[in-house]
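Now for the letters of each chain:
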Amino acid sequence: MQRSVIRSVGSYLPQRILTNAELATMVDTSDEWIVERTGICQRHIAAEGEFTSHLAVKAAQAALDNAGIAASEIDLIVLATSTPDQTFPATAATVQAELGITQGAAFDIQAVCSGFVYALTIADNFIKSGSASNALVIGAETFSRILDWNDRGTCVLFGDGAGAVVVTAAQPGDEPGRGVLATRLRSDGRYRDKLYVDGGPSSTQTVGHLRMEGREVFKHAVTNISDVMGETLVQAGYEASQIDLFVPHQANRRILDGTARKFGLSTDKVVITVDQHGNTSAASIPLALDVARRDGRLHDGSLVLMEAMGGGFTWGAVLARW
Ligand SMILES: CC(C)(COP(=O)(O)OP(=O)(O)OC[C@H]1O[C@@H](n2cnc3c(N)ncnc32)[C@H](O)[C@@H]1OP(=O)(O)O)[C@@H](O)C(=O)NCCC(=O)NCCS
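Residues numbered from 1 in each chain as written. Predicted model: local features only at pLDDT ≥ 70, side-chain atom pairs only at ≥ 80, totals over all residues. Heavy atoms only, no water.

**Observations concerning the side chain of K194**
Examined against the element boundaries, K194 turns out to sit in the loop between β8 (179-187) and β9 (195-197). For K194, a relative accessible area of 16% translates into the label buried. In contact with K194, other than residues within four places in its own chain, are R211, M212, E213, E216, V217 and F313. (Helix = DSSP H or I, 4+ residues; strand = E, 2+ residues; numbered from the N terminus. Buried < 20%, exposed > 50% of the residue type's maximum accessible area, 1.4 Å probe, protein only. Contact = heavy atoms within 4.5 Å.)

Below you can see the structure in the form of structure tokens.
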């Protein structure tokens, strides 16, 4: 059976940076409160007229360039987003057109902050089954558009951005040990009202705003994430001590630290971007991968564990050898 190998990563952040200090002039909050409770110092905000697809195209093009693969070779685009340009068509179709790709399939998937882990797992299965050879897996968000900027409990947490990876098929015997080693996805819809958007085409005919019971989300996060991380390691036959790089979804510094501590992962193995990016939902993992690639921590041969949890609840993990 053919395997999927992650060839490259690319990312894009909007230019505008919104600091905690600036936020404190908009809502009743402070830099101290935000840093202490979340670890976030700043986030990027998309410009007027800059859509999720625009961020996604820039990240995807960077990933293609870094892989040395032409857009015309891509036969699958899986784009994870909760902030599509339009209700339909899929933002993936816009990205496909912008990249000049006319073959294969392009679609969006919706798993909120777990979106990238879901999208990567879907692409892995398409490749393993022989349905695709060269995939673009993208996480792209403009959460600034669905925030209630009067709700200090949520508006301080999120930011905009996009990241992408190119995943290609490797034949048995080629590049031994490399590729996606194990994936695990979970969801439990009983918790759908803990983190949600209070609008939608079918229910209200509006886009709505993000609503969250922060403490409830926090309560489940480390347990859920740890479960899928453990299962992924067992499935692939690895121990936590063998992980070279832990790339968690960047929601909250306290959740990252708690999870890393549980698995005995030292801080030098944990990629942290939440301080600079905030929570960019489906984009946070590929954005963090790109930071680690650029600073040299992510390289060929790295054993990388990615995990995420988000609205739904959804959660999942992917273990891959770079
Ligand atoms: C959101 C979160 C940071 C809030 O931290 P917390 O310690 O749970 O704080 P609480 O919500 O219990 O609020 C504590 C107090 O801080 C206040 N507060 C909330 N947001 C605030 C802000 N931005 N600035 C200042 N005070 C704030 C609350 O009003 C509350 O005040 P009160 O005690 O007078 O009622 C935390 O719950 C969290 O990170 N949850 C997980 C969120 C997450 O990761 N979501 C995405 C998952 S993908």
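**Some points on the sheet that holds strand β5 (residues 105-109)**
Spatially, β1-β7-β6-β4-β5 is the arrangement adopted by the 5 strands of the open sheet, whose pairing is mixed. The open sheet has two free edges, formed respectively by β1 (3-12) and β5, since each of these has just one partner strand. Looking at each pair of strands side by side, their axes are set apart by 20° on average, direction ignored. Lying over the sheet, helix α3 (residues 52-67) contacts β1, β4 (76-80), β6 (134-142) and β7 (160-170), oriented at roughly 125° with respect to β1. (Pairing = 2+ DSSP bridges. Axes fitted to C-alpha atoms, helices over the stretch in contact; angles between N-to-C directions.)

**Some points on the nonpolar core**
Judged by nonpolar contacts, the single largest core of 38 residues is most densely connected at M229, L233, F246, L265, L305 and M309. Breaking this core down by element, the ones donating at least two residues are α7 (214-236), α8 (253-262), β12 (303-310) and β13 (314-321). The element that contributes the greatest number of residues to this core is α7, accounting for 6 residues. Here this core spans two domains, and each of domain 1 (3-170) and domain 2 (179-321) adds at least three residues to it. When near neighbours in sequence (up to four residues on either side) are disregarded, L233 contacts Y238, E239, A240, I243, F263, L305 and L319. Counting residues in each nonpolar core, the second largest holds 35 residues, with V9, A132, V180 and V304 among its members. (Core = buried A, V, L, I, M, F, W, Y, C linked by side-chain atoms within 4.5 Å. Domains from an automatic or database assignment.)

**As for the site of the ligand**
Near the ligand there are 24 residues, and of these T29, R37, R152, R215 and N252 occur at the shortest range. Separating a nitrogen atom of the ligand from a backbone N or O atom of G214 is a distance of 2.9 Å. Compared with its free state, where it exposes 960 Å², the ligand has 73% of that area covered by protein. Breaking the shell around the ligand down by element, the ones donating at least two residues are α2 (31-38), α6 (152-155), α7, α8 and β12. Among the elements that line the shell around the ligand, the one with the most residues is α7, at 4 residues. Class assignment of the residues belonging to the shell around the ligand gives a composition of 11 nonpolar, 8 polar and 5 charged. (Near = heavy atom within 4 Å. Polar contact = N/O pair within 3.5 Å; in protein donor to acceptor, adjacent residues only side chain to side chain. Areas by Shrake-Rupley, 256 points an atom, 1.4 Å probe, with all protein chains shown as cover. Nonpolar A, V, L, I, M, F, W, Y, C, P; charged D, E, K, R; others polar.)

**With respect to the environment of L195**
By the secondary structure assignment, L195 is in strand β9. Through-space distance from the C-alpha of L195 to that of E213 is 6.5 Å; in sequence the pair is 18 residues apart.

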